[in-house]
Structure formats: structure tokens, C-alpha cells
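Summary of structural features
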Amino acid sequence: LSMRKIFLLRGDAKSECLEVLTSYIMPALKHKACILVINEKEKKALSLENVPCIIYEDTMISDSDKLVFEVCRIAEVDTLILKEPKIWPLAKLFYLESTQMEPTVILAKLKDKLSISTFLFTPHITLADIFAAVPAIKALQQLSGDKVMEWLSVYRWAEYLLNLPYIGDILYDKTGGLRSLESLISEEDLREDNKSVDKTSKREELKAKKKKAKEKGKEKAKKEAETVPFAQLDIRVGRIVKVDKHPDSAKLYIEEVDVGGEVRKIASGLQGLMQIEELLNRNVVVLCNLKPKSIAGYMSHGMVLCASNKDQSAVELLTPPENSKPGDVITVDNIEPVSYTHLRAHETSLHLVCRLLLEKKKKKNKTKKK
């Protein structure tokens, strides 16, 4: 393929969606297309009637549907659209109509799906997640502390996207990110104090929230106990496409791993055990539904699985079956996988809210006694 030019218009909603998409798939777009973000003045100077658009040789594509499919085709990531038949209709809704939608309408379209899954349609990120991200984060920014509690599943999903490689940086640039739950709760407490809310009723409300969270935790623990642990793991075939030594650690490699439709940055403690040449372009087994974690100052988004002897003097990568390809899901006979989620993400947010409210109340009671 010859080099394509993808023109995007600054301040245009459709261009904004495409800019997030191209940032996410940038490793696959390299050497195939260049992204040019222009303003109205530059658009006029270039005599471009319709932007966003793709231009190569004597061909221009500006039709909304064809444009998105062509970008995915160039990068060979068509699976972002084709994994489920419902992906494109929802992605197209946010692509074309998000500016006309009320914030609560945007969040309502995401809440039910995200209450039971990490992403909207599959265990992996799709075009629907990419196009919904900016309008959803902007909608969450308009909520006050008491309102955000209603949309915790959407908040968790948006917070996770903001921490992903490639897509996280562009989402932060476009939206400014999310305010922490801690600051939202503090703001809500201050608002209630200014309204002189009855102290007794607040105490009873806090007890009720704590009891509800405890009951929910017990119910969740019971369900998890009934589920085979392996069924909760999202294990996929990955291919290591890049390996570098960690600049500040003698034990860590920094790897970019293609896990099908996305490239993840993962830190592995394999320096001294394997050479870079042994890892590069190697098919490996990756645990994908770990929460992103900072390792030696580097955000890691998964784990490359290995096996070792008892004293760990010999370590080998787990090798997936021959003819497998990045993105293939690894399962075990007679064990049905559950819906993959970051099992602790929603629980963590809820427990954080209850803990902060409880600490706030204890401080106020101590001050009152003094």
C-alpha cells in the first residue's frame, strides 16, 4: 500500500473520534498512513471540502462509514468492528450524534453493558469503546459527587481506558481526564455541610451504605467461591513485537505485545534469564485481565506467563499451540469461561467511597467532642 494521508479537523466531533482511533492503532498504522490535524484556515488553503477524509493517489474517501472502515482496513485491525454485529451501530451512534446527546443519555447507553463486563461487547476493546470514550468522559465530568455513584461501572471503564497505552494519552489530552472519587466525595460532603444537613440522618445514611456494601461483598464472594478460579482468567495468545531493557532496573524487560486488535506494554522480570533475541517475535501466553500496575515506575498492562523449576534457576516461556495467532483465547477442557472483568475494579471503587465517608465522619465526631 502507498502512504495514505488522513486529514482530521480540529474541533470536529467525527475527527475527534478518528484521532482517538488512529492513536490507539498507531503501531499498526506506521509506514502506511500519516495523520494530519488541520484547522479551518488550513482546510480552506488545501481546498478540502470534506474533512475528515483519506487521500491517496487520485482517490478521496470522506463518506462517514467508508472512512472508518478504510482506516481499520489500512491498519489491518478490522476485528475492532467485526467481532460482534452490534459493535458498529453503537460506535456509529457516538461517531455521528454524540454532540446532540444529553450526558445522562450517553451514560445510560453504556451502564448496563459495563456493569457485567470490562468492555462494551467483548473481553477486548472494540470500536464502540473507542468512539464512546470521549463523550462518556466529558459526561462524567459534569456529574457531582452524589450523582457519580449511580454510574460507577462507567466511571471504572473510563478510568481503565485512561490508563491504557496509546489511547490513554490522547483521551487525557481531549478531556483533561477524570476527577478522583476522593475529591468528588469531599466536595459533596462540603455541599451537605453548607446546607446544614441533620447530623443524625447523615450517620444513619452512612451506616446503611456500609451495611449495603458489606452485604454486596458477601454476595460477590459467594459467587466467586462457586466459580472455578481458572474460568475467571482472560488468557490469550500474544506476539512480542518489541523488547527493550528497563532504563532503571537490571531485572526488567519492557515488551510490546500484540494480543489481537491491541498492543499492550508489559513489564517482565526476565533480564538475566533470557536474551532479547529469544523474546522478539515470539508467540507467548498472556494473562490480560490484570489491573494495570506500576512496576519500577512503568505501567504494565498484563503478564507474560512462564514456567520455572523450584529454585527458579531455569525459566521458560509458556508456548501456545502451533498455528495459533495473537488474540486466540486459551481455555481448559470442561471449564466454561465466565464474562472476563477486572474483578476487583468495581469493588475497589465502592469500598473507597465507603472508607472515605467513614473517615470523614470520624474526624467530624472527634472535633465535635473536643
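Located above this text is the structure these notes cover.
A brief look at the structure comes next. (Residues numbered from 1 in each chain as written. Predicted model: local features only at pLDDT ≥ 70, side-chain atom pairs only at ≥ 80, totals over all residues. Heavy atoms only, no water.)

Re the overall build of the chain
If you tally the helices and strands in the chain, you get 15 helices and 13 strands. Out of the 370 residues in the chain, the part that is buried amounts to 44%. By sequence separation, contacts in the chain at least 24 residues apart represent 70% of the contacts at least 6 residues apart. For the chain, the accessible area works out to roughly 20,500 Å², and carbon and sulfur atoms hold 51% of it. (Helix = DSSP H or I, 4+ residues; strand = E, 2+ residues; numbered from the N terminus. Buried < 20%, exposed > 50% of the residue type's maximum accessible area, 1.4 Å probe, protein only. Contact = heavy atoms within 4.5 Å. Areas by Shrake-Rupley, 256 points an atom, 1.4 Å probe, with all protein chains shown as cover.)

A few points about the packing of helix α1 (residues 13-24) against helix α6 (residues 87-97)
The description of two helices packed together rests on the angle between their axes and the distance between the axes. Relative orientation of the contacting elements α1 and α6 amounts to 130°, with a least axis distance of 7 Å. The orientation of α1 relative to α6 falls into the category oblique. Contacts from K14, C17 and L18 in α1 reach F94, Y95 and L96 in α6. Within the contact of α1 with α6, the residues separate by chemical class into five nonpolar, no polar and one charged. (Axes fitted to C-alpha atoms, helices over the stretch in contact; angles between N-to-C directions. Parallel < 35°, antiparallel > 145°, perpendicular 65-115°, else oblique. Nonpolar A, V, L, I, M, F, W, Y, C, P; charged D, E, K, R; others polar.)

Thoughts on the nonpolar core
Looking at soluble globular proteins, one finds that nonpolar side chains tend to be buried together. Residues L21, L110, L127, F131, W157, I167 and L171 are the most contacted members of the largest nonpolar core, which totals 60 residues. A per-element tally of this core places helix α8 (residues 127-141) first, with eleven residues. Those residues in contact with I167 that sit more than four places away from it in its chain are V20, Y24, I125, I130 and L161. Counting 15 residues, the second-largest nonpolar core is a separate cluster that includes I240, M274, V315 and L317. (Core = buried A, V, L, I, M, F, W, Y, C linked by side-chain atoms within 4.5 Å.)

Observations regarding the sheet that holds strand β7 (residues 263-268)
Here we have five strands laid out as an open sheet, ordered β7-β6-β5-β8-β11, and antiparallel in their pairing. The open sheet terminates on both sides in strands that have one partner only, identified here as β7 and β11 (303-304). Pairing between strand β5 (residues 235-245) and strand β8 (residues 283-287): five bridges, direction antiparallel. Opposite I235, over in β8, you have L287 as the bridge partner. (Pairing = 2+ DSSP bridges.)

Examining the side chain of R236
Position of R236 relative to the elements: it lies in strand β5. Among the residues examined, R236 registers a relative accessible area of 0% and is labelled buried. Separated by 2.8 Å, the side chains of R236 and H124 make a polar contact. (Polar contact = N/O pair within 3.5 Å; in protein donor to acceptor, adjacent residues only side chain to side chain.)

Considerations on the sheet that holds strand β4 (residues 59-61)
Pairing within the open sheet is mixed, and its four strands lie in the order β2-β1-β3-β4. Lying at the two open borders of the sheet, with one neighbouring strand each, are β2 (33-38) and β4. Adjacent strand axes in the sheet meet at a mean angle of 20°, parallel and antiparallel pairs treated alike. Alignment of strand β3 (residues 53-56) against β4, held across three bridges, turns out to be antiparallel. Looking at the pairing, I55 lines up with M60 of β4. Lying over the sheet, α1 contacts β1 (4-9) and β2, oriented at roughly 135° with respect to β1.

Overview of the packing of aromatic side chains
For the coordinates displayed, the defined rule picks out three aromatic pairs. Consider the rings of F69 and W88, whose centres lie 5.2 Å apart with planes at 75°: the pair is edge-to-face. Separated by 19 residues along the polypeptide, F69 in helix α4 (residues 64-75) and W88 in helix α6 bring together distant segments of the chain. Taking relative accessible area as the criterion, F69 reaches 34% and is therefore assigned partly exposed. Judged by relative accessible area, which is 13%, W88 ranks as buried. (Phe/Tyr/Trp six-rings, centres within 6.5 Å; stacked < 30°, edge-to-face > 60°.)

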